[in-house]
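Chain and residue survey
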Amino acid sequence: MLPNLIAWLAKHFKFSILNFKFALLTSLLVKLKHSCPWIWRGVEAVNSSLVRARYPRIKSIAEEEARHIATDDSIEWSLVTPDDAERLSAFLTSIPLERKQWFDPHPFDAATLRRMASGHSFVMLKVTKGNEIVGYHFLRCFFIGKAFHGLIVSESAAGHGIGTRMWSLGAAISARAGLMMEATISESNLPSLTSCRRGCRTTVLSTLPGGYLHLRCEKNEE
């Protein structure tokens, strides 16, 4: 009953927030996050609860789709759990700053990652080779039916198609769950743009300040 009510409200009223241009909405949310963190935490908690109500199977879907990723070199995909927080934090903080030039979606401390993995707004996936984390990506989900994808791959694992598979997996999870996957990528970030266009079907929705592209990313047709 509740998921159907949420879907109906999202479709017919769009909660007015959808009437904002994406760039303005992003700017307002960033300002809210930094100037009123207690309000931001409340917004996050509400969104997490509504995502759980409307998309109760999304993490199960992610687990199922991750098992279908065809890889070489003993590379595996799996969901990030709260127990992975320390390892993931160590991986993210060890990446050189120049490689994180276009990747700053959230704090990288273990406490934040543990809270994210425990909630329902984020679907977080790690890529491992043996016991080593070599990549990380996530879907930032909103109850209105959108999910934003972000990713990073270690320098040692770059150039092996991991980024392309990350985009494909994110699009597959979103399609099965009933979410529209979107992303913002700098026009200067050619490796990410290339892997995105290989991994999914992309449409440029708008050009944002700072030379960023706002993209819709859909699952490639079989």
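Heads up: the structure comes first, above all this text.
**Comments concerning the nonpolar core**
Judged by nonpolar contacts, the single largest core of 37 residues is most densely connected at W77, I162 and W167. Sort the elements by how many residues they give to this core and helix α7 (residues 162-177) lands first, with 7 residues. One finds V80, A110, A117 and I152 within the second-largest nonpolar core, a separate group that totals 18 residues.

**Notes on the pattern of salt bridges**
In total, this model carries 9 salt bridges according to the counting rule given. Ionic pairing is found between E44 and R140, a salt bridge with its closest N-O pair at 2.1 Å. Highlighted residues: E44 in helix α3 (residues 37-54) and R140 in strand β3 (residues 132-142), separated in sequence by 96 residues. A residue is classified by how much of its surface remains accessible, and E44, at 21% relative accessible area, is partly exposed. For R140, a relative accessible area of 9% puts it in the buried group. For R176, the salt bridge is made with E64, and the minimal N-O distance between the two is 2.8 Å. Residue R176 is found in helix α7, and its partner E64 is found in helix α4 (residues 58-66); the two are separated by 112 residues along the sequence. With a relative accessible area of 40%, R176 lands in the partly exposed category. If you follow the salt bridges from partner to partner, you end up with R57, E64, E65 and R176 in one network.

**As for the sheet that holds strand β1 (residues 75-79)**
On the basis of which strands lie adjacent, the open sheet formed by 7 strands has the order β1-β2-β3-β4-β5-β7-β6 and mixed pairing. This sheet does not close on itself; its edge strands, each paired only once, are β1 and β6 (201-208). Going across the sheet, the axis of each strand differs from the next one's by a mean of 25°, ignoring polarity. On the sheet, α7 packs against β1, β2 (122-129), β3, β4 (146-153), β5 (180-186) and β7 (212-218) and is oriented at approximately 160° with respect to β4.

**Quick notes on the environment of E76**
If you trace the backbone, E76 turns up in strand β1. For E76, a relative accessible area of 52% puts it in the exposed group. Taking C-alpha positions, E76 is 5.3 Å from T128, a pair spaced 52 residues apart along the chain. Apart from residues lying up to four places away in sequence, E76 is in contact with K126, V127 and T128.

**Focus on the packing of aromatic side chains**
Taken as a whole, this structure holds 6 aromatic pairs when the rule is applied. Seen in terms of ring centroids, F103 and F138 are 6.4 Å apart; in terms of plane orientation they differ by 55°. Their pairing is tilted. Residue F103 is found in the loop between α5 (85-94) and α6 (110-118), and its partner F138 is found in strand β3; the two are separated by 35 residues along the sequence. Relative accessible area serves as the criterion here: at 6%, F103 is assigned to the buried category.

**Looking at α7**
Residue pairs spaced three or four apart in an α-helix point in one direction, given the helix's 3.6 residues per turn. Taking 1.5 Å per residue as the helical rise, α7 with its 16 residues ought to reach 22 Å, and the 22 Å between its terminal C-alpha atoms agrees with that figure. Among the 16 residues that make up α7, 12 are buried, leaving the element largely enclosed by the rest of the structure. Where α7 is concerned, the buried positions are I162, G163, T164, M166, W167, L169, G170, A171, A172, I173, S174 and A177. Looking one or two residues past α7, G178 carries a phi angle of roughly 90°, positive in sign.

Rules used throughout
- Residues numbered from 1 in each chain as written.
- Predicted model: local features only at pLDDT ≥ 70, side-chain atom pairs only at ≥ 80, totals over all residues.
- Heavy atoms only, no water.
- Core = buried A, V, L, I, M, F, W, Y, C linked by side-chain atoms within 4.5 Å.
- Buried < 20%, exposed > 50% of the residue type's maximum accessible area, 1.4 Å probe, protein only.
- Helix = DSSP H or I, 4+ residues; strand = E, 2+ residues; numbered from the N terminus.
- Salt bridge = Lys/Arg side-chain N within 4 Å of Asp/Glu carboxyl O.
- Pairing = 2+ DSSP bridges.
- Axes fitted to C-alpha atoms, helices over the stretch in contact; angles between N-to-C directions.
- Contact = heavy atoms within 4.5 Å.
- Phe/Tyr/Trp six-rings, centres within 6.5 Å; stacked < 30°, edge-to-face > 60°.
- Expected span 1.5 Å × (residues − 1).

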